[in-house]
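One-letter residues, chain by chain:
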Amino acid sequence: AKDSGKNKFKFYCPNLNDKIQEEFILENNLRDVLNKDEFFLNYQPIVDINTQKIIGMEALLRWNHPKLGLIPPDKFIPVAENSGFIIDIGKWVLKNACIQAKKMHDLGINIFISVNISVNQLKEENFIEYVSKILKETGINPKYVDLEITESISMENIDYITDVLNKLKYLEVNISMDDFGTGYSSLGQLKNFYISKLKIDRSFIKDIYIDSNSTAIVSAIIAMAKNLNIKVVAEGVEANQQLKFLKDNGCEMAQGYLFSPPVDLQNMENAIKNQIKK
Ligand code: C2E
Ligand code: CA
Ligand code: CA
Ligand code: CA
């Protein structure tokens, strides 16, 4: 790669590797995406393990490109983060998720809405201001809003992040630690943050019955969270066996294909209506 520097700006270069090319295409298409109706939100139910009732839903962003088709978030979110577009995209997601949840609240369906927040958003200087603005504009009760941040955030800029989290506490929204167990922060660090929920990463839930290390980690996380007064959501629950283990170990909430994949708003509303009828 001795002349890789020379080729840096030749984006159209035919021998450029596929991944870079793909990212370049995605980035260019992300530029104006919010004005084009190509984004929409899916929602995945979060269930109370004891009552089996839906008590919350996570908003998951979808991008339907007219030519490229449905592009998964794992592909375009990192590109949006690197290019800075995530700031405007993140505002769009938060606002639309709050609008939908508020509509449900107005119908007497009081479930919480979880919204994924990228590190770049949290670090952006106007973050608190626009969260506050969106809460006011949509009229949602902030107690029903959960902001999901990933564990890796807690390692960098610890003082700054602690300050941001405290300001969010003042706005009365909740903070969930997403993908818990995959990052590097120690469990003890949790006490320094204002966190109301943690979401155990799918990789541990998947192996609950296969790998004794996962079993030990999951039960330890649940026990520790209990002591710190933090609620636990298990992610990626696909089997009844997993659910039973979680219930027996005192885990409060679960999310996963066992209950429902992410669905559009209409199907989410139907799922809630059906459970009310029961
Ligand atoms: P995440 O926040 O950890 O979201 C959970 C992912 O696991 C979702 O993938 C969901 O569809 C999937 N999932 C849920 N239950 C199961 C299950 O039982 N089995 C399996 N195998 N998978 C399950 P999705 O929707 O493709 O999203 C991937 C990631 O993209 C999310 O992971 C999140 O990190 C990111 N993402 C999605 N929407 C947004 C957004 O609006 N903003 C930001 N910053 N990131 C987002
Ligand atoms: Ca999440
Ligand atoms: Ca997660
Ligand atoms: Ca994730």
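Presented here is an overview of the structure given in this document. Bear in mind the structure is a predicted one, so any value in this text is a computation, not a measurement.

**Points about the coordination of the calcium ion (ligand 3)**
Coordination angles at a metal have ideal targets, namely 109.5 degrees for four tetrahedral donors and 90 or 180 degrees for six octahedral donors.
Stage number 1. Looking at the calcium ion (ligand 3), one finds its protein donor set to be Asp178 (OD), Asp179 (OD), Glu235 (OE) and Glu235 (OE), positioned 2.2 to 2.4 Å from the metal centre.
Stage number 2. Of note, the donors binding the calcium ion (ligand 3) are all from one chain and are spaced D-D-x55-E.
Stage number 3. For the pair the calcium ion (ligand 3) and the calcium ion (ligand 2), the metal-to-metal distance amounts to 4.0 Å, and aspartate 178 bridges them. Of this pair, aspartate 179 sits in strand β6 (residues 174-180) while glutamate 235 sits in the loop between β8 (231-234) and α9 (240-248); the two residues are 56 residues apart in sequence, bridging distant segments of the chain.
Stage number 4. According to the relative accessible area criterion, glutamate 235 is buried, its value standing at 11%.

**Points about helix α5 (residues 127-138)**
Stage number 1. Spanning twelve residues, α5 covers 17 Å between terminal C-alpha atoms, matching the ideal 16 Å at 1.5 Å per step.
Stage number 2. Listed in full, the buried residues belonging to α5 are Phe127, Ile128, Tyr130, Val131, Ser132, Ile134, Leu135 and Thr138.
Stage number 3. Where α5 is buried, its residues touch α3 (86-106), α4 (119-123), β5 (145-150) and α6 (158-170).
Stage number 4. At the C-terminal side of α5, glycine 139 shows a positive phi close to 70°.

How each quantity is defined
- Residues numbered from 1 in each chain as written.
- Chains lettered and ligands numbered in written order.
- Predicted model: local features only at pLDDT ≥ 70, side-chain atom pairs only at ≥ 80, totals over all residues.
- Heavy atoms only, no water.
- Donors = N, O, S within 2.8 Å, 3.2 Å for Na, K, Ca; no water.
- Helix = DSSP H or I, 4+ residues; strand = E, 2+ residues; numbered from the N terminus.
- Buried < 20%, exposed > 50% of the residue type's maximum accessible area, 1.4 Å probe, protein only.
- Expected span 1.5 Å × (residues − 1).
- Contact = heavy atoms within 4.5 Å.

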